Amino acid sequence: MDLTPTEEEREFRARLRAWLARTLPELPARPEPADWPGRRAYDLGWQRRLYEAGYAGLHWPVDAGGQGATPTEHLIFLEETERAGAPYVGANFVGLLHAGPTIAAEGTPDQRARWLPPVLRGEEVWCQGFSEPDAGSDLAALRTRAVRDGDAYVVSGSKIWTSHAEVADWCELLVRTDPRAPRHRGISWLAMPMDAPGVTVRPLRTLAGSTEFAEVFLDEVRIPVDHRIGAENDGWRVTMVTLSFERGTAFVGEVVACRRVLAELAAHALRTGAWDDVPLRRTLGRLAAEFAALWRLTQWNVSESQRTGGIPGTGGSVFKLRYSHARQELFDTAAAVLGADSLVLDGEGADWVQDRLSSLSYTIAAGTSQIQRNIVAERILGLPKGR
């Protein structure tokens, strides 16, 4: 992969920087963390601005409503928006990073036309209904059942850790359509309207006090058969497509953010005298090297996904595994620098304290580190499956 920018890429970066410089000062104030209707409106408003400027779905295929940008242009977009302090995808992340790319890869033309444009225009929010109380890392153990009744599935069961269910219009839902089939078969991927009768959402409060996750209870919810993505009972394969996006490209922007935090942390240490601590300087230097390497791995993964039709490969598991632990170490280091302020949520470095709490979930969310190690061992190193 040649990383030397072309003239077109330099021009793209300059145009994007100029647009960000004009647009960001016009944004309204960010809503309070607990104001989820306000956060939904804010995130959708930012997505609408991206759409009108031609930056929505930048790397999505043109026939899916995207811009068909090159991998390098996509990475330039992520670099520049993060460095400028632009809003992240926020409540839009499941639609833009998981469900949307899955529908683009696996959906019919009618399904693409129905669900992708509202995501790109900032009109609809998606949530993820995969995990269950007894089916998290062992996702194939899911029990939520869908029984065919004419042109609809009747769905009953429950989901947990459903991201942004409280403000979502749609849910990417995994259900068991053939309970007699082996565990990894008999599963289907459905698009469920969150306002359907029988859907109950109960928010879950996290360690940091936020409620971006929820329990979702399904009581004989009717979902049209034409809301199924892929063939009936082929949902496990479709789910692997979704998870490849979740692990392979969904965290790309966060690597840039972590590199920015690392620079801010070093500057804070210099101001407060913590820089005199030799072990701390050694840790910051090693983390700088780690995140530089992760950014190179990101570039490789994005280019590889472009070569293979836009779907990330197993390199995403390598990235997810190392990134999860590096992020935790970064914010543990931030806590050491902050000292007593790391014990309160509203002191100096409050954002770092919040990020430290959220980083604890990264070795669990999007597939635990144990699962990622298994994937690397079996699919990359060719080791036999564990018993």
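Quick caveat: nothing in here was measured; it's all calculated off a predicted structure. (Residues numbered from 1 in each chain as written. Predicted model: local features only at pLDDT ≥ 70, side-chain atom pairs only at ≥ 80, totals over all residues. Heavy atoms only, no water.)

1. Details of the pattern of salt bridges
Keep this limit in mind: In the sections that follow, a salt bridge refers to a side-chain nitrogen of Lys or Arg positioned within 4 Å of a carboxyl oxygen of Asp or Glu. A run of H or I in DSSP becomes a helix once it reaches four residues, and a run of E becomes a strand once it reaches two; helices and strands are each numbered from the N terminus. In this scheme, a residue with accessible area under 20% of its type's maximum is buried, one over 50% is exposed, and one in between is partly exposed, where area comes from a 1.4 Å probe on protein chains only.
Taken as a whole and assessed by the stated rule, the structure comprises 24 salt bridges. The partner of Arg17 in a salt bridge is Glu80, with the nearest N and O atoms 2.8 Å apart. Taken together, the positions of Arg17 in helix 1 (residues 7-23) and Glu80 in helix 3 (residues 71-83) put the pair 63 residues apart, joining distant regions of the chain. Between Glu290 and Arg286 there is a salt bridge; the shortest N-O distance is 3.7 Å. With Glu290 and Arg286 both in helix 8 (residues 278-307) and 4 residues apart, the pair spans about one turn of that helix. A residue is classified by how much of its surface remains accessible, and Glu290, at 18% relative accessible area, is buried. Connected via shared salt-bridge partners are Arg13, Arg17, Glu79, Glu80 and Arg83.

2. Quick word on unusual backbone geometry
Phi at Trp161 takes a positive value of approximately 60°, unusual for a residue other than glycine. Relative to the helices and strands, Trp161 resides in the loop between strand 3 (152-159) and strand 4 (170-176). Even without being a glycine, His164 presents a positive backbone phi close to 60°. Residue position: His164 is located in the loop between strand 3 and strand 4.

3. A few points about the pairing of strand 1 (residues 126-129)
Spelled out, the test is: By the convention used here, strands pair only if DSSP detects at least 2 bridges between them.
Side chains Trp126 and Gln128 of strand 1 all project onto a buried face; the interleaved residues Cys127 and Gly129 project onto the opposite face, where all are buried too. Sheet topology note: the strand 1/strand 4 ladder contains 4 bridges and is parallel. Pairing of Cys127 across the sheet is with Cys171, part of strand 4.

4. Topic: helix 2 (residues 36-53)
Inclusion rule: To estimate the expected span of a helix, count its residues, drop one, and scale the result by 1.5 Å.
In a regular helix each residue adds 1.5 Å, so 18 residues correspond to 26 Å; helix 2 covers 26 Å between its end C-alpha atoms and thus fits that length. Phi for Gly54, located one or two positions after helix 2, is positive at around 85°.

5. Remarks on the packing of aromatic side chains
To keep it simple, the criterion reads: Centres within 6.5 Å make a pair out of two Phe, Tyr or Trp rings, where for Trp the six-membered ring is used; the pair is then stacked when the planes are under 30 degrees apart, edge-to-face when over 60, and tilted otherwise.
Scanning the model with the defined rule gives 9 aromatic pairs in all. Ring centres of Phe12 and Tyr55 lie 6.2 Å apart, and the angle between their planes is 70°; this geometry places the pair in the edge-to-face category. Of this pair, Phe12 sits in helix 1 while Tyr55 sits in the loop between helix 2 and helix 3, and the two are 43 residues apart along the sequence. Taken together through their ring pairs, the aromatic side chains of Phe12, Trp19, Trp46, Tyr55 and Phe77 make up a single cluster.

Geometric values such as these leave the question of function open.
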